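The chain contents come next:
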Amino acid sequence: MTYRRSLMAAALAAPVYLAAAWPGASFAADPVKLPCVCELSGAGAVSGTNFRDGAHLAAEEINAAGGILGSQIEMTDHDTQSDPQTSRALVQKVIDDGAYAIMGTVFSGSTIVNMLVAQQAGIPQMTGAEAPNITAQGNPYIFRTSSSSAKGIPALTPYFKDTLGAKKIAVAWVNNEFGKGGHDVFLQEMAAAGIEVVADVPSEQGQADFAADVSKIKESGADAAFVYLNEEESARLLREAKKQGLKTPLVGEVTLTGQKVIDLAGDAANGAFAHVGITTGAQQPTIQEFAGKFKAKYGRDTDHNGLKGYVGVYAVKYATELNGKLDSEELAKRMRGLTLDVAKYPGMLLTTSWDDTGEMARESFMTEVKDGRQVVIGTVPAR
């Protein structure tokens, strides 16, 4: 049942004497339920908490400006504990509670499991997950709030080939849904570019010791290394690389230069490079305004996940207002093939498009950690 049909059913079931009892009474519109199903504890807590906080910031702004079509956003938080099966149960719960659309999850391993529940119910889902196969399933209700690794990793190929002049390369990756997706895309890109992968180093989520991993990279003779790990593991690898005196340039996608990694790795993060879909380090006025508001509200900076949550809520608002009605099915239809120009829709922060699979496209950024800060060193056009 779509959101619109559920509201109509409720209205038809309501006793008619309520309106007659107070002929001059006015009734508040039903809230727009946008629950956040996120990783608030466990391995994904950093990502999920930032995503949630960005989403709440957007919801508060929208509510203060009158809501969506006159209705206030109601956003409840649901902690997946970074567990796929828990996330699946929570997605079913929020659907049963009348979700109009769902914010989250962020971890790819959870999203690939829980998005099937939302698809069966016909409820759109704004995910921060980046594994390529999420939008390859033919699910018409899944939409990214950041580009997948299938778009991001190819943006690194010119950097490896032209900027670094790499002929041989190592790859260190986490053996989960996120890591496997990025790893496979990376191998394809390197083969097409004629760059030899001389060390292929998988690790497990939560791995504490990266001594052997760094030794393999060091002994491989690689000209550069691609690092595709979650935040805490990225920091551990960077610390170990400094300890072993590794001189090989370390280049990542999304996480390697994130603020949490910098906080955990300390000065070992300096000199790391990464391509990121969106970052508060970008000097666009809309992004800088967001960064200031986020820090004022929460007392800290955010990584890219805070921006993902923020733009996801605004995307729901803008697409709904283009439809002129609160209907989950129509929201999903509107999102497919939609482009939101930042000049008209500033809450998107950058001009953003979705294709018919829910894949996102917008300009992105190359970054480097300098003196403990993520610094934008280049812009990559939308792909």
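Refer to the structure printed above.
Rules of the game
Residue positions within a chain follow its written sequence, with the count starting from 1. It should be noted that, the model being predicted, local features are given only for residues of pLDDT at least 70 and side-chain atom pairs only at 80 or more, the latter also being counted only at that level, while totals for whole chains, interfaces and linings use all residues. In computing side-chain values, all of the structure's heavy atoms are included and hydrogens and water are not. Secondary structure elements follow DSSP: runs of H or I no shorter than four residues count as helices, runs of E no shorter than two count as strands, and numbering proceeds from the N terminus. The globule rule used here is 2.2 Å times the number of residues to the 0.38 power, and the radius of gyration it is set against is calculated over C-alpha atoms. Only protein chains enter the area calculation, which uses a 1.4 Å probe; residues under 20% of their type maximum are buried, those over 50% are exposed, and those in between are partly exposed. Note on definitions: a residue-residue contact is assigned when non-hydrogen atoms from the two residues lie within 4.5 Å. Accessible surface is estimated by sampling points in the Shrake-Rupley manner with a 1.4 Å probe; for residues, cover comes only from the protein chains shown. For the purpose of counting charges, residues Lys and Arg are taken to be positive, whereas Asp and Glu are taken to be negative. His and the chain ends are not included. The location of each charge is read from NZ of Lys, CZ of Arg, CG of Asp or CD of Glu. Classification of ring pairs uses Phe, Tyr and Trp, with its six-membered ring standing for Trp, and accepts pairs whose centres are within 6.5 Å; under 30 degrees between planes counts as stacked, over 60 as edge-to-face, and the remaining range as tilted. Pairs of strands are assigned from DSSP output, requiring at least two bridges between the strands. In this analysis an axis means a line fitted to C-alpha atoms, helices contributing only their contacting stretch, and an angle means the value between N-to-C directions, from 0 to 180 degrees. Crossovers are marked right-handed if the path from the first strand over the helix to the second runs clockwise, as seen with the strands pointing away from the viewer. By definition in this entry, angles of less than 35 degrees are roughly parallel, angles greater than 145 are roughly antiparallel, angles of 65 to 115 are roughly perpendicular, and the rest are oblique. Any residue outside Ala, Val, Leu, Ile, Met, Phe, Trp, Tyr, Cys, Pro, Asp, Glu, Lys and Arg is labelled polar, Gly included; the first ten of those are nonpolar and the last four are charged. Multiplying one less than the number of residues by 1.5 Å gives the expected span of a helix. In protein, a polar contact means a hydrogen-donor-capable atom and an acceptor-capable atom, both N or O and within 3.5 Å, with residues adjacent in sequence counting only if both atoms are side-chain atoms; elsewhere, any N or O pair within 3.5 Å suffices. Whenever a carboxyl oxygen of Asp or Glu lies within 4 Å of a side-chain nitrogen of Lys or Arg, that contact is scored as a salt bridge.

S.K.: In this structure, what is going on with the overall build of the protein chain? I would like to understand it.
M.R.: On a plain count of helices and strands, the protein chain comes out with 14 helices and 17 strands. Whereas a compact globule of 383 residues would reach a radius of gyration of roughly 21 Å, the protein chain reaches 22 Å, a difference of no more than 12%. Once the C-alpha set of the protein chain is aligned to its principal axes, its extents read approximately 80 × 40 × 35 Å. Within the protein chain, buried positions represent 55% of all 383 residues. The long-range share in the protein chain, meaning contacts at least 24 apart out of those at least 6 apart in sequence, stands at 66%. When the accessible area of the protein chain is evaluated, it comes to approximately 15100 Å², of which 51% is carbon and sulfur surface. Within the protein chain, one finds 35 positive and 44 negative side-chain charges whose respective centroids are separated by 2 Å.

S.K.: Please clarify how the packing of aromatic side chains should be interpreted in this entry.
M.R.: To describe a pair of aromatic rings, one takes the distance between the centres and the angle between the planes. Considering all chains together, one arrives at 12 aromatic pairs under this definition. Taking 6.4 Å as the distance between ring centres and 85° as the angle between the ring planes, the aromatic pair formed by Phe160 and Phe226 counts as edge-to-face. With Phe160 in helix 7 (residues 157-163) and Phe226 in strand 10 (residues 224-228), this residue pair connects regions lying 66 residues apart in the sequence. On the basis of relative accessible area, Phe160 is assigned to the buried category, the value being 1%. Judged by relative accessible area, Phe226 falls into the buried class, the value being 0%.

S.K.: Looking at this structure, I do not really get the sheet that holds strand 14 (residues 352-354). What am I missing?
M.R.: In sheet architecture, strand pairing relies on hydrogen bonds along the backbone and comes in two forms, parallel and antiparallel. Spatially, 3 strands are ordered 13-14-15 in an open sheet, and the strand pairing comes out antiparallel. Edge strands, defined here as strands with exactly one partner in the open sheet, are strand 13 (339-340) and strand 15 (360-361).

S.K.: Can you walk me through the sheet that holds strand 16 (residues 364-370) in this structure?
M.R.: The strand order 9-8-10-11-12-16-17 describes an open sheet built from 7 strands, whose pairing is mixed. The open sheet has two edge strands with one neighbour each: strand 9 (196-203) and strand 17 (373-380). Within this sheet the neighbouring strands show an average axis-to-axis angle of 25°, counted without direction. Relative to strand 11 (residues 250-253), strand 10 runs parallel, the two sharing 3 bridges.

S.K.: Where do I start with unusual backbone geometry in this structure?
M.R.: Glycine aside, residues mostly have negative phi, and peptide bonds are mostly found in the trans state. Residue Thr105 follows Gly104 across a cis peptide bond; omega there is 5°. A positive phi angle is found at Leu69, which is not glycine, with a value near 50°. Among the secondary structure elements, Leu69 is positioned in the loop between helix 3 (45-64) and strand 3 (73-74). Judged by its relative accessible area of 40%, Leu69 is partly exposed.

S.K.: Before we go on, may I ask you to explain the pairing of strand 9 in this structure?
M.R.: Along any regular strand, the residues point their side chains to alternate faces of the sheet. As paired strands, strand 8 (residues 168-174) and strand 9 are joined by 7 bridges and run parallel to one another. Each bridged residue has a counterpart across the sheet, and for Val171 the counterpart in strand 9 is Asp200. Once the chain exits strand 8 it traverses helix 8 (residues 177-193) before rejoining the sheet at strand 9, and the crossover so formed is right-handed.

S.K.: Hey, could you run me through the packing of helix 12 (residues 285-298) against helix 13 (residues 304-323) in this one?
M.R.: Two numbers describe a pair of packed helices, the interaxial angle and the distance between the axes. Relative to each other, helix 12 and helix 13 sit at 105°, their axes nearing to 11 Å. With respect to helix 13, the axis of helix 12 lies roughly perpendicular. Contact residues: helix 12 offers Ile287, Phe290 and Lys293, while helix 13 offers Gly306, Leu307 and Tyr310. Residues of the contact of helix 12 with helix 13, tallied by class, amount to 4 nonpolar, 1 polar and 1 charged.

S.K.: Help me out: how do you make sense of the environment of Thr351 in this one?
M.R.: Along the chain, Thr351 turns up in the loop between strand 13 and strand 14. The class of Thr351 is partly exposed, set by a relative accessible area of 35%. Taking C-alpha positions, Thr351 is 9.3 Å from Ala382, a pair spaced 31 residues apart along the chain. Every residue in contact with Thr351, bar those within four places of it in the chain, is listed here: Thr339, Leu340, Asp341, Val342, Ala361 and Arg362.

S.K.: Sorry, what's going on with helix 8 here?
M.R.: Residues spaced three or four apart along an α-helix face the same direction, because each turn holds 3.6 residues. Taking 1.5 Å as the rise per residue, helix 8 with 17 residues should run 24 Å; its terminal C-alpha atoms sit 25 Å apart, in good agreement. Those residues of helix 8 lying buried are Phe178, Gly179, Gly181, Gly182, His183, Val185, Phe186, Met190 and Ala193. Contacts from the buried residues of helix 8 go to helix 5 (108-121), helix 6 (149-152), helix 7, strand 8, strand 9 and strand 10. Sitting at the amino-terminal end of helix 8 is Asn176, which places a side-chain oxygen 3.2 Å from the backbone nitrogen of Phe178. Where helix 8 terminates, the next one or two residues include Gly194, which has phi positive at roughly 75°.

S.K.: Explain the pattern of salt bridges to me, please; I cannot follow it from the model alone.
M.R.: A side chain of one charge can pair with a side chain of the opposite charge when the charged atoms of the two come close. All told, the structure shown has 13 salt bridges when counted by the stated rule. With a shortest N-O distance of 2.8 Å, Lys317 and Glu321 are connected by a salt bridge. Taken together, the positions of Lys317 and Glu321, both in helix 13 and 4 residues apart, correspond to about one turn of that helix. Since its relative accessible area comes to 30%, Glu321 is described here as partly exposed.

S.K.: Explanation requested: the environment of Gly312 in the structure shown.
M.R.: As for its placement among the helices and strands, Gly312 is situated in helix 13. For Gly312, a relative accessible area of 1% corresponds to the buried category. Put simply, Gly312 and Ser146 are 166 residues apart on the chain and 9.1 Å apart in space, counted from C-alpha to C-alpha.

Keep in mind these numbers describe shape, not what the thing actually does.
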